[in-house]
Structures are given as C-alpha cells and as structure tokens.
6 protein chains.
Amino acid sequence: MANFDGPGFSMVDDSWIQTKAIDVEPSTDFSPYLSRILEDCVWNGDRAIVFDVYWDVESVNTKSERRLSSVKLSTKNLCLFLRLPNQFSDNLKDLYRFFASKFVTFVGVQIEGDLVLLKENHGIVIRSYLEIGKLAAVARGTPIVEFLGARELAHKILSCDMSRLDSIQSKWDEAGGDDRLEAAAIEGWLIYNVYDQLQQ
Amino acid sequence: MANFDGPGFSMVDDSWIQTKAIDVEPSTDFSPYLSRILEDCVWNGDRAIVFDVYWDVESVNTKSERRLSSVKLSTKNLCLFLRLPNQFSDNLKDLYRFFASKFVTFVGVQIEGDLVLLKENHGIVIRSYLEIGKLAAVARGTPIVEFLGARELAHKILSCDMSRLDSIQSKWDEAGGDDRLEAAAIEGWLIYNVYDQLQQ
Amino acid sequence: MANFDGPGFSMVDDSWIQTKAIDVEPSTDFSPYLSRILEDCVWNGDRAIVFDVYWDVESVNTKSERRLSSVKLSTKNLCLFLRLPNQFSDNLKDLYRFFASKFVTFVGVQIEGDLVLLKENHGIVIRSYLEIGKLAAVARGTPIVEFLGARELAHKILSCDMSRLDSIQSKWDEAGGDDRLEAAAIEGWLIYNVYDQLQQ
Amino acid sequence: MANFDGPGFSMVDDSWIQTKAIDVEPSTDFSPYLSRILEDCVWNGDRAIVFDVYWDVESVNTKSERRLSSVKLSTKNLCLFLRLPNQFSDNLKDLYRFFASKFVTFVGVQIEGDLVLLKENHGIVIRSYLEIGKLAAVARGTPIVEFLGARELAHKILSCDMSRLDSIQSKWDEAGGDDRLEAAAIEGWLIYNVYDQLQQ
Amino acid sequence: MANFDGPGFSMVDDSWIQTKAIDVEPSTDFSPYLSRILEDCVWNGDRAIVFDVYWDVESVNTKSERRLSSVKLSTKNLCLFLRLPNQFSDNLKDLYRFFASKFVTFVGVQIEGDLVLLKENHGIVIRSYLEIGKLAAVARGTPIVEFLGARELAHKILSCDMSRLDSIQSKWDEAGGDDRLEAAAIEGWLIYNVYDQLQQ
Amino acid sequence: MANFDGPGFSMVDDSWIQTKAIDVEPSTDFSPYLSRILEDCVWNGDRAIVFDVYWDVESVNTKSERRLSSVKLSTKNLCLFLRLPNQFSDNLKDLYRFFASKFVTFVGVQIEGDLVLLKENHGIVIRSYLEIGKLAAVARGTPIVEFLGARELAHKILSCDMSRLDSIQSKWDEAGGDDRLEAAAIEGWLIYNVYDQLQQ
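These numbers were taken from a predicted model, which means no experiment stands behind them. Chains are numbered independently. Their residues run from 1 in the order of the written sequence. Written order decides the labels, with chains lettered from A and ligands numbered from 1. In view of the model being predicted, local features appear only for residues whose pLDDT reaches at least 70, and side-chain atom pairs are presented and counted only at 80 or more, with totals across whole chains, interfaces and linings using the full set of residues. Hydrogens and water are ignored here; the side-chain numbers use all heavy atoms of the structure.

Chemist: Please explain the overall build of chain A as it appears in this structure.
Modeler: Per the secondary structure count, chain A includes 7 helices and 7 strands. The globule rule used for comparison is 2.2 Å times the number of residues to the exponent 0.38, while the radius of gyration itself is calculated over C-alpha atoms. The globule rule puts the C-alpha radius of gyration for 200 residues at 16 Å, and the 16 Å found for chain A is close to it. In terms of principal-axis extent, the alpha carbons of chain A reach across some 40 × 40 × 40 Å. Exposed residues in this analysis have more than 50% of their type's maximum accessible area, buried residues have under 20%, and partly exposed residues fall in between, with area computed by a 1.4 Å probe over protein chains only. The 200 residues of chain A split such that 61% are buried. For chain A, the proportion of contacts with a sequence separation of at least 24, taken over those separated by at least 6, is 59%. Surface accessibility of chain A: about 7600 Å² in total, with carbon and sulfur atoms responsible for 46%. Taken as two groups, the 21 positive and 30 negative side-chain charges of chain A have centres that lie 5 Å from each other. The helix count covers DSSP runs of H or I at least four residues long, the strand count covers runs of E at least two residues long, and both are numbered beginning at the N terminus. Here a residue-residue contact requires only that any non-hydrogen atoms of the pair lie within 4.5 Å. Each accessible area is a Shrake-Rupley result for a 1.4 Å probe, and residues are judged covered by the shown protein chains and nothing else. We score Asp and Glu as negative and Lys and Arg as positive, and we do not count His or the chain ends. The atoms used to mark charge sites are NZ of Lys, CZ of Arg, CG of Asp and CD of Glu.

And the structure:
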C-alpha cells in the first residue's frame, strides 16, 4: 500500500502530519497515493481535500504563461506533494481524473484564478470545489476574510500560533526542501481546520 | 417492457433500488429504459430525475479534454447506468433528446461545470435542471451546503447512516462492478431524498 | 378567418381549449393563425402568450446540434402547434416577427437555454418574455419553484388534478398524436393559469 | 421649423398628441424633427424621450438577421415615426448621434435585447437609457412589472382605459396606417405617463 | 503657465467657471492645461475631475462606428474642452496617460458605455472612475437617479435653477460656440456639485 | 542582504519608510529586494503588500496600448520601486512569480482594470489580492469609498494630514525624482494604514 514515508511533522495541537513528496516522471505511478488520500478523507468523515497548485512562469514571445508545476493535497493526517514534469505524460490523467471526482470537495484559498488557469492551460476541471474564504466571509459575517491568503485566513478563524510557518516563509529563498514541505503541511493543516470549524 | 434486471440494493430505510447497467454500443436500443425512468418519475408524483455524468480524460496535444463516458439516472425506485461508446452513434440522440425534456426536472449536485462541458464538448443541453446544493443553501439558510458533494450534502440534510457508501468509496480502486453500481444507486437515492425533503 | 378546427379538449375546470396543429411547409400561410392568437390574447386582457419550443437533435461531426422543430403557442382559449420544416423558408419570417412583437409578453418555463439557442442557431429574438418560474419564486417566496418544469410548477401554484397529463406523459412513446396535442394543450393551460394567479 | 403635420390624436385624459411619420430616403433631412423632439422634451422639464425600435427579419443563409426598420420617438406632446431605408445612408448619422446624446434619457420597455442588436448590427449606442419596467418593479415592489410589455405595464401603473389601443392591436394585420400611428402614439403616451408617475 | 483665457461664466450660485477650448492638432501641446486641471483638483481637496466624452459617427461599410471627437474636463473652477483630430497623433498620449492617473477620480454620468468604447476603439483605460448616478441611487435610496442624464440627476440632488442650461440645450442646433461652451461648463459644474453633496 | 539604500522619508506619524528605486535591466538581479519585502511583511504579522502598477502608452496603428512600465511594492517599513525595461527579459520572471505568491495578499486601490491588463498584455496573474476600496465600502457602510483613489480613500478612513502628498502631486510635472519617490512612499504608507484600520 502507498506509504507516506516522507518526513512527519508535529502541528501546534500535537497532531501529526505524515508527508510524501514525489517527483513525477512519465513512468511514475502515483495513483496509490491518491487512493490513500481519498481513503483518509472518507474515513475522517468530512470528504474534504485541501489543495493548492503552484505555477511555473514560461515566456512565450513577449508574454508570460503559466504551467502547472506542482500540486499539494492535504487531508487530516496526510500531505501529498506532487512535482509535475514539463511535458504531459499519460500518468497525469490519474491526477486529472482525481480532480474531477465528486466523492470529495476540494477546498482551497483564493482559487478562482487557479481554476480558470487549470481549465484554459491544461483542460483540468475540478468539479466539486469550495473557495473557503468566500464561505468564511459569509458564515462569519466578516467580509475581509474572503480576500486573505491561507495564513491570514487561518489566523482570523483559528487564532493559533503561526511562528513556525512565519519563520520558514520569511526566509523562503534560503529554506531547504524539508522546511518547505513542513510549511506546505502546516498550511494544509490550517485550512483543513478552518474548514472543520466552519462546519460547526 | 424494459426490464431493470441488474442487481437490486436495499437502502438504509429498507426501500429497494432496482438497477440496470448498459454498455451502449451503436446498435443498442436503450430508449425503453429511458421510457421506464420517465414513467417511474411521473407516477412518483415529483417529476424529478437525479442524474450524474462521468468524464473520461483524453489528451489532445499538450492539453487534456473531457469526453462523456457514462451517465447515471435515478428515480425513487430505479437506477440506470449507461456506459457510453467513444464515438458518437445515432442512438445517442435518444439520450440527448431525453436530457432536453421539460417533462421532468434533472436534479444534480455541483453540476454547473458539467452543464458547460456537456454543451461545449457534445452540444448537449439540459433544459430543465436543478443544482440542488444551491437550493438547499437558500432553503436551509446554511451557505456551506452549496459547495458539498453528494454524500456530504445528504449527510447534512438527511443525517442517515452512510457507512455502506463510505466503505465502497474509500476503496474505490479495488471495488468490483456491483459494489460500484451499489454506490451509484446509494448516491442517487440520497439526492432523491434530499430533493424530497426540500420540497416540504 | 383562421379556424382552430383541430380537436378541442376540456380542462379540469371545465374550460375548453380549441387546438390547431399545422405541418408547416414552404407554401403554408400560417399567419392568420398567429393573428387569431394575438387577437385572443388581447381580448382576454392580459397580453400573455404561453409558449414552448421543441428541438430536434442533429449530429454535426462528433457534436450534436439543436434545430427548432416545433413551436407551441397558447392563450386562454386556443393552442396552436406548429411543426416546422428542416429548411428555412420565407414564411418562417412571420413566426420570427411574431416572436419579436412587444404587443404581448411571451411566457415560458425554464426558457433561458431556449432563448440562447433560438438566437445562436436561428437568429430568433424574443423581445418581451417572462421566465415564469423565476417570477413565481420571488412572488411566492419559495425558491424551489424557479427550477421546476411546467407540471410541477403548476402543481405547486394551482394544486389542481394532473392525472390526465400524467397519464399521457408517462407513456409518451406510445401516445398518439391527439393525446400529445392534449398534453400540450393542458401544459399551456396550466402555465396560463399560473400566470393569471401571479398577477393577483 | 419642423412641422408635426401628421394626424393628431386625443388621449383618454383629453391631452393631444401631434404625430409625424417620415419615410426616410437618402435625401431626407429629418434632423429638424429631432431638434423639435429635443426642444419639447427639454421644455417639459423631464428630459425624457420614450422610444421604441422595430426590426425587419432578413434571411442570411439558414439564419435570420434583424435590420432596424423603424424608430418611434415620443415626448409629452409629440410622436415621431421614422421608417428607415434598407441601406445605410449618410443622413442616418443624425439619428445615431441623436441616440448618443446625454441631454436626455431614452426610456423604453423591454429594451435590453434591442440595445444589444442596435450595437451588434448597426453600431448604434444609446448612452443614456432607462429600462422602465425594471425601475417600476423596484420602485413599486412588484417584480412582475419588470417583464410586461408596454400596454400591461401601463395598465398596472396607470389603470386607465385601454380599449382604443386594444381595438387596434387586436386587428393589427387589418389596421390602416393611421390606426397604426395612433396605436404608436398611445403606447408612447402611456410610457411617458408611467415615467412621470414613477418620478413622484 | 497654462492660461484658461476662454470665456468665463457665472453659475447660479455666483461661482465663476473659467474655460478653455482647444482644437488639438498634431503639434498642439495641451499638457500644461492638463497639469492645471490636476493642480486645481488637488488644491480643492477632493481629487475629483468631472469628465464627459463626445463621439463622432463614422460609417464603416453598413455599420456605424464611434470615434472620440472631444473631451470635457471640469474641476471646481475650470472647464477644459478638447476637440480631437481625426487621426491619432503622438500628443494624444498625454491625454491617455492623464486618464490612466490614479491621483484623481474621474466622475461621469452614464459612462459605462463610454468606458467600453474608449477601450475597444482607442485602447484608452480610465483606471479610477465613478459612475455618479449609481452612487447617488445607493446613497439617496432613489433608484431612478441611476438612469438619469446629467441635468436631471443634478435637478434631483441639487434642485437649483436650470433655465440657462435648458435654454441653450433646447436650441442646440442653433446655439453658437460660446453658448455650447457655457452649457458644457454648467453641466460640469452641476455634476461637480452633485459629487460634493454626496460626499457629505 | 538587499539594502534599501535609497532615501528614507518620515511620515506624519513619525514612522519611517526606507525606499529603493531600481532601473531594471536584463542583468539586474532584484530578487533579494523582493525577498526583503516578503520578509518584512511576514514579520509585521499581516502578510499584506500594498502595490501599484504604472503603464506606459504605446501606439499600435490607430489604437493605443498599455505596457507595464513600473511597479511599486510597499510594506510597513519599506517601499520598492521597480522601473521595468521595454523588452521582456528573463529576470522579470522573478517578479511574475512574486505576484503569483499566496504567502501574502496584494492590496491595491482601483486595481480591477489593472488586473485585466496585467493578464491580457503580460500574462501576469496576481492570485491573492484585495481591492481595498470595495472592502472599505462594505466594512464602513459608505459606498462612495469604493470609487475613490488612494489619497481620498485614505483621507476618508484615516483623516490624517495630506499636505505633503498634495504639494508634490499638484506639481507633478515639475517634481524631481526624490519627490516622486516620496509621494509613492506616502501613498503606499497610507493604504497600508487603511488596511491596518480595516482589520480591526
């Protein structure tokens, strides 16, 4: 079975996030990891997968273009980080199908621009998604939270200690791979908990 | 008459769903099954058909594209699952005409992206439809339900036992054909009952 | 004068609908029937014409396309059903001009998709129209009625006996021409009465 | 000075509308009539010109297209009816400039589709306009009036006798030129009075 | 320094508007006048410039097109009227840059159509603007003012004497250059004062 | 480490803004300055970067086009001003990636038109942004602030002394480089403080 054998990180509430980072190549079969993510989110009883996408900038003549460079998927206990290749390869279809699933709701922060780019540049459609800032703004009656990034949104809703995340992100260019993975795991965990709060 | 001679499944309220799965080929005449679905939904007095569509991912140069691969249609007592061929064939017009009917309201979850793809990629227009999450959000005053998938939406509105569905979907890749059909039937039945609740 | 010499049908409140079905050919002059419809709706004092349009599915390469195949126009006492030819012919301009009239309001159910298709595929513009479900939802404070088909909408607003309509529509594929015309007349009459109710 | 020497008509409140109908040809200078309309609307102290546009249907291959065939302009005392030629001629620029004026507000019923067609098909832009049904719906709190034609809208707001208008419009195909002009004048006068009412 | 040496006009509150009309040719350097406008609006403490644009109609085949023919810029004390040449010339960039400034808010009446045309036809983007009718409608709770032209909007908000403006605009075709400039100055002054009122 | 060794300016509350202006050439590595901005905004605990973009006008045939000419980035203590070259060069990707970051929220005034131009003309996407005027309008219940420029918005929210900014901007064409930089720093500081106020 898919083994999240990357580093594990302790969160500020002492919960534990197990991670896995994969450099996807044409021959890489990452679908067992997607299955594990799915399984975890089903058994946690909320059917939510927190996600974020990262873009690389390519120059096409005088304009720049975005290419999907990596994807982060987080559940309550797991964080999967996929670094994608430059070229489309057949195994990416597994990811595209995963995004199209309606078993789960994909939860993200400030994702509207991303959804447009995913469709325009890669033909990827996420069918069941939740822009959590918008929901939080309505549910809490505080319009500003619609416009915040993940860290600030979580800060407003959860009021927990962010010093570890701040410490890594303030020195991002000097941060090592594990530190970056930890920051990704913390952000995923924060949004997961915001979602959990809003359900109540 | 069209015979739903696939497996039948018992729901958590002891109601019974009779299923039929069809691998559609150019020579398959599935219209009697559509007629049966129509008839059932008329006699149940609600004129609602719960539906879901499933997409296959095809790669076109560097982008991916969606092709309609199957369709699920559910009424109170029946669940029809049509696996569609890769190529357009004339009998598919029966399905396209069926979707355009105004006799009934087609009820779905998170269907807006699907409706766009159906029109763009296949020229299919569903004329009378209901995005049930949006309605539930307004009717119940709980904005979050607009953004949930079928299972979570049903969980919020119906509060019934979901363990059988969870059990199948958490191990989807290993699930057999009958299990998958049962999951489809359960999801259809759940949304049907959400719709029924919202009417009251 | 234009004679509605098709079958007449008795409605559940004992009112009488006189019908006329016409297979339009290039030489058919159906404009006197449109004039009669107009006259009837003016003298009934509401200036409303209930309409519905029906589409045929044509396959163009791998996509399907919609072609306007027939049009139903209903007033308080009359129901005109026009079956249109495959090819554009000059007499269709009479219909297109009729739709552009602002003397009357064209009333329909779930017509937004139809209006788009009418303009895109045939250049037809209905200038004065009313999506009655949307109005009913606002006027009655029941959001669900916006999304219902004609029969269910009428059921919610009028609560009258629908058994004759249900009986025909549940066996649509086996229904004869007169039965289908009766169903069309009943649906037109239902929406006419919904409109009448909402005015009060 | 421009002389409105067409027939005059008495309205139900004994006011008097003086009309002028012009068959515009390339050599026709109708600008003095526009100036008179402008002058009248300025001195009446409301800066409102009620307008309606009429379209002819032309067939282009298998689709139909709309061509602006006539324009009606009404103030408190005047009604100008311009029948336009098939071909663009330079004097039409006077009309196009008139429509672009911000001295006045152009008031119409169900004009949104017209505004789109005017821009798409003829490049005409009306810069200052008022969809009066929408305003009436908000101002009176009765959503249905947004969707009504001119006669029904006036009926709801003014409750005046419409029998002369009904009499002409119910027999439109048999109506003579003067009767049609009278109907145009009555409709313009009705909307002018609706606008006047809504101002108070 | 740029000298507003055109005619000055007295407003109904005895304030004084100094004007300048310029026929812009490729060699005209009008930028000192823009600087003066900017300076005046800064020192008046509101950072608002009231503007209006005027279009000429050109026929391109069977359609008409709009070309920006003149621009009016008003502050509390100044009114600049620029008549633009038919051809683009390099000094127009000064105007285009001026419109793109965020130092000030450009205030106009019924400008949405204008903004679209400015971008589509000339590539001009006004980055900081205010559709004052829309704001007035919200701020005063009177929806009708959103749809009024400059004179009527001012009449509703300011209730001041409009006879001079009416007198000129009712005889527009016979009005001389100075009268037209006075009308432009009055309209600018009216909107400036509406803006001032709405601030309080 | 990146040194903000440009002039420093004292604000009206005696806080100090350190600036840096860079003429970006293909060989310039400005990324350390972006890192410093990021670090400062993280440690200030708000994750907000105030930005503004400036456009140059280029004529393409008869139309004008916008080219991004400079970018201003402000945090609580720093103000970075980048003058960009005419041609795309590889180091600009650092800026484009910076704009796409979700670590922070980019805060601007009247930026909607800018965001469209950034995407259309340069392919730049700012993923996490806040149109602060819109938020202020909702948060304070004063619709007018949505439409104001930076100075007026700050004036409404902060009511602080603007004489230095007014003094520079009123004589913009004569202002020297340091004065312009000071004005940029003041505007950035103002919006930063508006954002700070709205958080409370």
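Chemist: I tried to follow the pattern of salt bridges on my own but got confused; where do I start?
Modeler: A side chain with one charge may pair with a side chain of the opposite charge, provided their charged atoms come close. Any carboxyl oxygen of Asp or Glu that lies within 4 Å of a side-chain nitrogen of Lys or Arg is treated as forming a salt bridge with it. Following the criterion strictly, the structure yields 103 salt bridges over all chains and no others. The partner of Lys102 of chain F in a salt bridge is Asp114 of chain A, and the shortest N-O contact between them spans 2.7 Å. Placement of the pair is Lys102 of chain F in the loop between helix H2 (92-99) and strand S6 (105-108) and Asp114 of chain A in helix H3 (residues 112-122), with the two residues belonging to separate chains. Of the two residues, Lys102 of chain F and Asp114 of chain A, neither departs from the other in class, the shared state being buried. A salt bridge links Asp56 of chain E to Arg97 of chain D, with the shortest nitrogen-to-oxygen separation between them at 3.3 Å. In this pair, Asp56 of chain E is assigned in strand S3 (residues 48-60) and Arg97 of chain D in helix H2 (residues 92-99), connecting two distinct chains.

Chemist: Whenever I open this one, the relation of the copies chain C and chain D confuses me. Can you help?
Modeler: Superposing the two chain copies requires a rotation about an axis and a translation along that axis. The copies were overlaid with a least-squares fit restricted to C-alpha atoms from residues scoring a pLDDT of at least 70 in each copy. For these two chains of identical sequence, chain C goes onto chain D by a turn of 60° and a shift of 0.1 Å along the axis, with RMSD 0.0 Å. Taken together, the rotation and translation describe the operation of a six-fold axis. When each C-alpha of chain C is compared by its distance to the rotation axis, Val138 of chain C comes out closest, at 13 Å. Of the residues that chain C buries at the interface, just 3% are likewise interface residues in chain D, meaning the two copies contact each other through different surfaces.

Chemist: Before we go on, may I ask you to explain the sheet that holds strand S6 (residues 105-108) of chain A in this structure?
Modeler: Strands in a sheet are paired, the pairing made by backbone hydrogen bonds, and the direction either parallel or antiparallel. All names here are of chain A. Strands were regarded as paired on the criterion that DSSP finds at least two bridges between them. Taken in spatial order, the 7 strands make up an open sheet running S1-S2-S5-S4-S3-S6-S7, and their pairing is mixed. For this open sheet the edge positions go to strand S1 (8-10) and strand S7 (129-131), each flanked by a neighbour on one side alone. Between one strand and the next, the sheet's axes are offset by a mean angle of 30°, whatever the strand orientation. Judged from the 3 bridges that link them, strand S3 (residues 48-60) and S6 form a sheet pairing that is parallel. The residue of S6 that forms the bridge with Ala48 is Thr105. Interaxial angle, 0 to 180 degrees, is taken between N-to-C directions of lines fitted to C-alpha atoms, where a helix line uses only the stretch in contact. Across the sheet, helix H7 (residues 177-199) touches S1, strand S2 (16-23), S3, strand S4 (63-74), strand S5 (78-83), S6 and S7, and the angle it forms with S3 is around 130°.

Chemist: Quick question: what am I supposed to make of the interface of chain B and chain A here?
Modeler: Accessible area lost upon the coming together of the parts is a frequently used measure of interface size. Taken together, the contact pairs 36 residues of chain B with 34 residues of chain A. Together, the buried faces of chain B and chain A total about 2900 Å²; carbon and sulfur atoms form 51% of this surface. Here chain B and chain A share 7 salt bridges between them. In protein, a polar contact requires one atom able to donate a hydrogen and another able to accept it; more generally it is a pair of N or O atoms within 3.5 Å, and residues adjacent in sequence count only if both atoms are side-chain atoms. Viewed at the interface, chain A and chain B are joined by 18 residue pairs in polar contact (both at pLDDT 80 or more). Buried area: the accessible area, evaluated with a 1.4 Å probe, that two parts lose upon being put together, summed over both parts.

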